[in-house]
Amino acid sequence: YGAPLNEKFSHMMRAFLLVFLFVLSCFSTNPGLQTTLTQNGLNFAKTVALEILNQKVQNLDLPPQQGVTDVTLLGSISWSTSNTVLHSVVSVSYTHLTLPTIYT
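Residues numbered from 1 in each chain as written. Predicted model: local features only at pLDDT ≥ 70, side-chain atom pairs only at ≥ 80, totals over all residues. Heavy atoms only, no water.

**Things to note about the overall build of the protein chain**
Okay, so step 1: The number of helices and strands found in the protein chain is two helices and four strands.
Okay, so step 2: In the protein chain, the order of α-helices and β-strands from amino to carboxyl end is α-α-β-β-β-β.
Okay, so step 3: Taken across its 104 residues, the protein chain has 6% of its residues classed as buried.
Okay, so step 4: Within the protein chain, contacts between residues at least 6 apart in sequence are counted, and of these 57% link residues at least 24 apart.
Okay, so step 5: Accessible area of the protein chain: about 9,200 Å², with a carbon and sulfur share of 63%. (Helix = DSSP H or I, 4+ residues; strand = E, 2+ residues; numbered from the N terminus. Buried < 20%, exposed > 50% of the residue type's maximum accessible area, 1.4 Å probe, protein only. Contact = heavy atoms within 4.5 Å. Areas by Shrake-Rupley, 256 points an atom, 1.4 Å probe, with all protein chains shown as cover.)

**A look at the pairing of strand 2 (residues 65-71)**
Okay, so step 1: In the sheet, strand 2 pairs with strand 3 (residues 75-81) via seven bridges, with the strands oriented antiparallel. Counted as the bridge partner of Thr 69 is Ile 77 from strand 3.
Okay, so step 2: Where strand 2 folds back on strand 3, the antiparallel hairpin that results is connected by three residues, among which Leu 73 adopts a positive phi of roughly 75°. (Pairing = 2+ DSSP bridges.)

**Topic: unusual backbone geometry**
Okay, so step 1: In this structure, Leu 73 is a non-glycine residue whose phi angle is positive, near 75°.
Okay, so step 2: Tracing the sequence through the fold places Leu 73 in the loop between strand 2 and strand 3.
Okay, so step 3: The backbone of Asn 83 sits at a positive phi, close to 55°, despite the residue not being glycine.
Okay, so step 4: For Asn 83, the location among the structural elements is in the loop between strand 3 and strand 4 (84-86).
Okay, so step 5: Here Asn 83 falls in the exposed class, since its relative accessible area comes to 74%.

**Focus on a nonpolar patch on the surface**
Okay, so step 1: Together, Met 13, Phe 16, Leu 17, Phe 20, Leu 21 and Leu 24 make up a nonpolar patch on the protein surface, roughly 580 Å² of accessible area in all.
Okay, so step 2: A relative accessible area of 41% means that Met 13 is categorised as partly exposed. (Patch = residues over 30% accessible without salt bridge, like charges linked within 9 Å, V, L, I, M, F, W, Y side chains within 5 Å. Salt bridge = Lys/Arg side-chain N within 4 Å of Asp/Glu carboxyl O.)

**Structural notes on the environment of Met 12**
Okay, so step 1: Inspection of the secondary structure assignment puts Met 12 in helix 1 (residues 5-26).
Okay, so step 2: Overall, Met 12 belongs to the partly exposed group, its relative accessible area being 26%.
Okay, so step 3: Distance in space between the C-alpha atoms of Met 12 and Ala 49 is 8.7 Å, their sequence separation being 37 residues.
Okay, so step 4: Residue contacts for Met 12: discarding those within four places in its chain leaves Val 48 and Ile 52.

**Here we look at the side chain of Asn 54**
Okay, so step 1: Turning to its location among the elements, Asn 54 is positioned in helix 2 (residues 39-57).
Okay, so step 2: Those residues in contact with Asn 54, other than ones at most four positions away along the chain, are Ser 88 and Val 89.

Spelled out as structure tokens, the structure:
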């Protein structure tokens, strides 16, 4: 949060470049790039994504929503929302990304 704007931009550009190269290599018949994702890399991407998401959704007005949901033992429940404003997105400790264990 306290990092200078140039440093944040640099981190975002590196993350964008990595994702772009990864997507580009997926469409190649003979990819010329091989990369390894680490847990630290995933955590960094999550941090950058949350910062960008918070900038985009700050004080976002959501349209009214309504629906009907069937709940076991209770039956049908009607619900609706109105005047909903999203102020920020937060990350809680139990929502971290984890790399699967791959055996070769």
